Amino acid sequence: RQRVGDFVKLSADGLKATYIGNAGTELHGGLLGGGPLARQAPGWYFEIRVDSVRSGVFHDGMSIGVTTISAADLSSMPQTLDELDPCWLLGFDGSQWDG
């Protein structure tokens, strides 16, 4: 079971996520996958493709990372994924988070 934030629209096939906030400054834009990463030959791996970006200047940008928390174990999505413990994220304003 996947879990998405209030400002994320997930496609019917679950392969495309779109941020739908109006101003671009809203929180609740997170997305958690429906299960653990599959082990590949070099180790655990995933990739994304960014098809479009929002124009303008923003304090924070996209972040991406991993957690050991199952989406099914959350009663609700946090405002930002750095509230998950543990999680390992890169992005925001060019920084990393090891929480």
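Check the entry above for the structure.
Let us look at the structure shown here. Starting afresh in each chain, residues are numbered from 1 along the sequence in its written order. Two thresholds apply to this predicted model, a pLDDT of at least 70 for residue-level local features and 80 or more for giving and counting side-chain atom pairs, whereas whole-chain, interface and lining totals are computed over all residues. Water and hydrogen atoms play no part in the side-chain values, which are based on all heavy atoms of the structure.

Moving on, we come to the overall build of the protein. A run of DSSP states H or I qualifies as a helix once it reaches four residues; a run of E qualifies as a strand once it reaches two. Both are numbered from the N-terminal end. When its secondary structure is counted, the protein shows zero helices and nine strands. Helices and strands appear in the protein in the N-to-C order β-β-β-β-β-β-β-β-β. What you see for the protein is a C-alpha radius of gyration of 14 Å, in line with the 13 Å of a compact globule of 99 residues. Classification of the 99 residues of the protein by burial places 18% in the buried group. Put simply, of all contacts in the protein between residues at least 6 apart along the chain, 47% involve residues at least 24 apart. Accessible area of the protein: about 7400 Å², with a carbon and sulfur share of 53%. Taken together, the 7 basic and 12 acidic charged side chains of the protein have centroids lying 10 Å from each other. Radius of gyration here is computed from C-alpha atoms only, and the compact-globule reference equals 2.2 Å multiplied by the residue count raised to the power 0.38. Three exposure classes are used, based on accessible area relative to the maximum for each residue type with a 1.4 Å probe and protein chains only: buried under 20%, partly exposed in between, and exposed over 50%. Contact between two residues is taken to exist if any of their heavy atoms lie within 4.5 Å; hydrogens are not considered. Accessible surface area values rest on a Shrake-Rupley calculation with a 1.4 Å probe, where residue burial reflects the displayed protein chains alone. In this tally Asp and Glu are treated as negative and Lys and Arg as positive; neither His nor the chain ends contributes. To locate a charge, take NZ of a lysine, CZ of an arginine, CG of an aspartate or CD of a glutamate.

Core analysis: the largest hydrophobic core is formed by nine residues, namely L32, A71, L74, M77, L81, L84, C87, L89 and F92. Discounting chain neighbours no more than four positions away, the residues touching L32 are Q2, R3, T67, A71, L74, M77 and L84. The criterion is simple. A nonpolar core is a set of buried Ala, Val, Leu, Ile, Met, Phe, Trp, Tyr and Cys residues joined through side-chain atoms within 4.5 Å.

We now examine the pattern of salt bridges. By definition here, a salt bridge exists when the distance from a side-chain nitrogen of Lys or Arg to a carboxyl oxygen of Asp or Glu is within 4 Å. One pass over the full model with this rule turns up one salt bridge. D51 is the salt-bridge partner of R49, the closest N and O atoms lying 2.7 Å from each other. We note that R49, like D51, is exposed.

For the rest of this paragraph, the subject is a nonpolar patch on the surface. Residues with no salt bridge and a relative accessible area higher than 30% make up the patches, which join like charges within 9 Å and nonpolar side chains (Val, Leu, Ile, Met, Phe, Trp, Tyr) within 5 Å. Together, L37, W44, F46, I48, V50, V53, M62, I64, V66, W88 and L90 line one region of the surface with nonpolar side chains, adding up to about 1100 Å² of accessible area. When contributions to the nonpolar patch are tallied by element, the ones reaching two or more residues are β7 (63–67) and β8 (87–91). Mapped onto the elements, W44 comes out in strand β6 (residues 43–44). For W44, a relative accessible area of 59% corresponds to the exposed category.

With that settled, consider the environment of L32. Checked against the element boundaries, L32 lands in strand β4 (residues 31–32). Among the residues examined, L32 registers a relative accessible area of 8% and is labelled buried. Note: C-alpha distance between L32 and A72 (40 residues apart in sequence) is 9.5 Å.

What follows concerns the sheet that holds β7. Reading across the sheet, the three strands line up as β7-β8-β9 and stay open at both edges, with antiparallel pairing between neighbours. Of all strands in the sheet, those bounded by a partner on one side alone are β7 and β9 (95–98). Recorded for the sheet is a direction-independent mean angle of 10° between the axes of neighbouring strands. Paired strands, in this sense, are two strands between which DSSP finds at least two bridges. The pairing of β8 with β9 spans four bridges and is antiparallel. Within β9, the residue paired with W88 across the bridge is D98. To get an axis, a line is fitted to the C-alpha atoms, and for a helix only the part in contact is used. The angle between two axes follows their N-to-C directions and goes from 0 to 180 degrees.

From the geometry alone we can't say anything about function, so treat these as descriptive.
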